[in-house]
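# Coordinate analysis (summary)
What follows is the residue order along each chain.
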Amino acid sequence: MNVLQYALAGGAAFRSPGDLLGGLTLAEATRAAPGVPYTLAELLAHLQVTQRASLDLASGRTDRWPDGLDVWPGAPASDAELVALLADLQTGLAEAQALAAGPSSRARDVLTDLAAHSAYHWGQVALIRRLHGTLPAPERA
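Residues numbered from 1 in each chain as written. Predicted model: local features only at pLDDT ≥ 70, side-chain atom pairs only at ≥ 80, totals over all residues. Heavy atoms only, no water.

Going by an unreviewed UniProt entry, the protein carries the name Damage-inducible protein DinB and comes from Deinococcus actinosclerus.

### Let's talk about the UniProt feature "domain: DinB-like" (unreviewed entry) in the protein
Operational definition: UniProt positions are given in the numbering used here, feature names are shortened, and annotations may be inferred rather than shown by experiment. Helix and strand assignments come from DSSP, with helices taken as H or I runs of at least 4 residues and strands as E runs of at least 2, each series counted from the N terminus.
UniProt marks residues 20-125 with the feature "domain: DinB-like" (unreviewed entry), using the numbering shown here. Along residues 20-125 one finds 65% helix and 0% strand; the C-alpha atoms at either end are 7 Å apart.

### Describing helix α4 (residues 40-59)
Condition: One fewer than the residue count of a helix, multiplied by 1.5 Å, yields its expected span. Buried residues are those whose accessible area, probed at 1.4 Å on protein chains only, stays under 20% of the maximum for their type, while exposed residues exceed 50% and partly exposed ones sit between those limits.
Helix length check: α4 (20 residues) gives 28 Å between terminal C-alpha atoms against 28 Å at 1.5 Å per residue, within 8%. Of all the 20 residues making up α4, 15 are buried; the element is thus mostly covered by neighbouring parts of the structure. Where α4 ends, the next residue or the one after it, Gly60, has phi of about 85 degrees, a positive value.

### So, the pattern of salt bridges
Stated precisely, the cut-off is as follows: A side-chain nitrogen of Lys or Arg and a carboxyl oxygen of Asp or Glu constitute a salt bridge if their distance falls within 4 Å.
Scanning the model with the defined rule gives seven salt bridges in all. Asp19 serves as the salt-bridge partner of Arg15, at 2.9 Å between the closest nitrogen and oxygen. Close ionic contact of Asp88 with Arg52 constitutes a salt bridge, the shortest N to O distance being 3.1 Å. One end of the pair, Asp88, is in helix α5 (residues 79-100); the other, Arg52, is in helix α4, and 36 residues separate them in sequence. For Asp88, a relative accessible area of 22% gives the class partly exposed.

### Observations regarding the side chain of Glu28
Here is the rule: N or O atoms within 3.5 Å of each other form a polar contact, as long as, within protein, one can give a hydrogen and the other can take it, and as long as residues adjacent in sequence are counted only when both atoms are side-chain atoms.
Residue placement: Glu28 occurs in helix α3 (residues 26-29). A polar contact is formed between the side chain of Glu28 and the side chain of Arg129, at a distance of 2.9 Å. Of note is the side chain of Glu28, whose polar atom sits 2.3 Å from the side chain of Thr134.

### Focus on α5
Working note: α-helix, 3.6 residues per turn, so residues spaced by three or four point in the same direction. Worth spelling out the cut-off: Here, residues are in contact when the closest pair of their heavy atoms is within 4.5 Å.
With 22 residues, α5 extends 31 Å from end C-alpha to end C-alpha; this agrees with the ideal 32 Å at 1.5 Å per step. The set of residues buried in α5 consists of Leu82, Leu85, Leu86, Leu89, Gly92, Leu93, Glu95, Ala96, Gln97 and Ala100. Elements that come into contact with the buried residues of α5 comprise α1 (3-9), α2 (17-21), α3, α4 and α6 (105-132).

### Some thoughts on the environment of Ala100
Mapped onto the fold, Ala100 is located in helix α5. On the basis of relative accessible area, Ala100 is assigned to the buried category, the value being 1%. Separated by 32 residues in the primary sequence, Ala100 and Gly68 place their C-alpha atoms 27 Å from one another. If sequence neighbours within four positions are ignored, Ala100 has contacts with Asn2, Leu4, Gln5, Leu8 and Leu111.

### As for the packing of α4 against α5
Where we set the bar: To get an axis, a line is fitted to the C-alpha atoms, and for a helix only the part in contact is used. The angle between two axes follows their N-to-C directions and goes from 0 to 180 degrees. Take the far helix as the reference: if the near one is turned anticlockwise from it by less than a right angle, the crossing is left-handed, and if turned clockwise, right-handed. By the convention adopted, Pro, Cys, Tyr, Trp, Phe, Met, Ile, Leu, Val and Ala count as nonpolar, Lys, Arg, Asp and Glu as charged, and the other residues, Gly among them, as polar.
At a minimum axis distance of 10 Å, the contact between α4 and α5 shows a crossing angle of 30 degrees. Once α4 is placed against α5, the crossing between them reads as left-handed. On α5, the residues touching Leu44, Ala45, Leu47, Gln48, Gln51, Arg52, Leu55, Ala58 and Ser59 of α4 are Leu85, Leu86, Asp88, Leu89, Gly92, Leu93, Glu95, Ala96 and Leu99. Of the residues assigned to the contact of α4 with α5, the class counts are eleven nonpolar, four polar and three charged.

### Observations concerning the packing of aromatic side chains
Under the convention used in this document: Aromatic rings from Phe, Tyr and Trp, taking only the six-membered ring of Trp, are treated as a pair when their centres fall within 6.5 Å; an angle between ring planes under 30 degrees marks them as stacked, one over 60 as edge-to-face, and anything in between as tilted.
Overall, the coordinates contain one aromatic pair when judged by the stated rule. When the ring of Tyr38 is compared with that of Trp72, the centres are 5.0 Å apart and the planes differ by 25 degrees; the resulting orientation is stacked. Note that Tyr38 is positioned in the loop between α3 and α4 and Trp72 in the loop between α4 and α5, a separation of 34 residues in sequence. Owing to a relative accessible area of 17%, Tyr38 belongs among the buried residues under this scheme. A relative accessible area of 37% places Trp72 in the partly exposed class.

Here it is as structure tokens:
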């Protein structure tokens with residue numbers, strides 16, 4: 001696994017998204033944390049939409065960022081919507097790692113940006129879960 005693949009999916013530097021999301025429920029995802037401008041559900045929806053648009057660029061499915069893309073879409077409102085969002089995030093992470101195995105120059109640039117953007121927000125996910133008192137213990141290898 002190369003450095004870009006690690007940066008996209010966690011690794012030695014920080015916890016993986018799957019680790020950070022362990023046991024997340026809709027009740028927690030939609031619960032406000034004092035002083036935080038969005039819920040976990042809203043943050044995860046933002047991660048999903050930006051990840052999907054970035055992957056479309058990196059893979060060549062599109063050649064530009066979508067005009068008028070709502071990068072802060074509505075949060076999932078049901079358990080089924082949350083499960084689908086989390087599954088799409090995991091699928092996107094796998095796609096990003098596959099693209100990062102041997103990326104074109106353009107894909108490497110897009111994926112590097114995605115890795116930095118995602119790392120910032122995955123840190124926020126960890127902090128909000130810590131504020132809620134629900135951050136899972138780190139997985140052990």
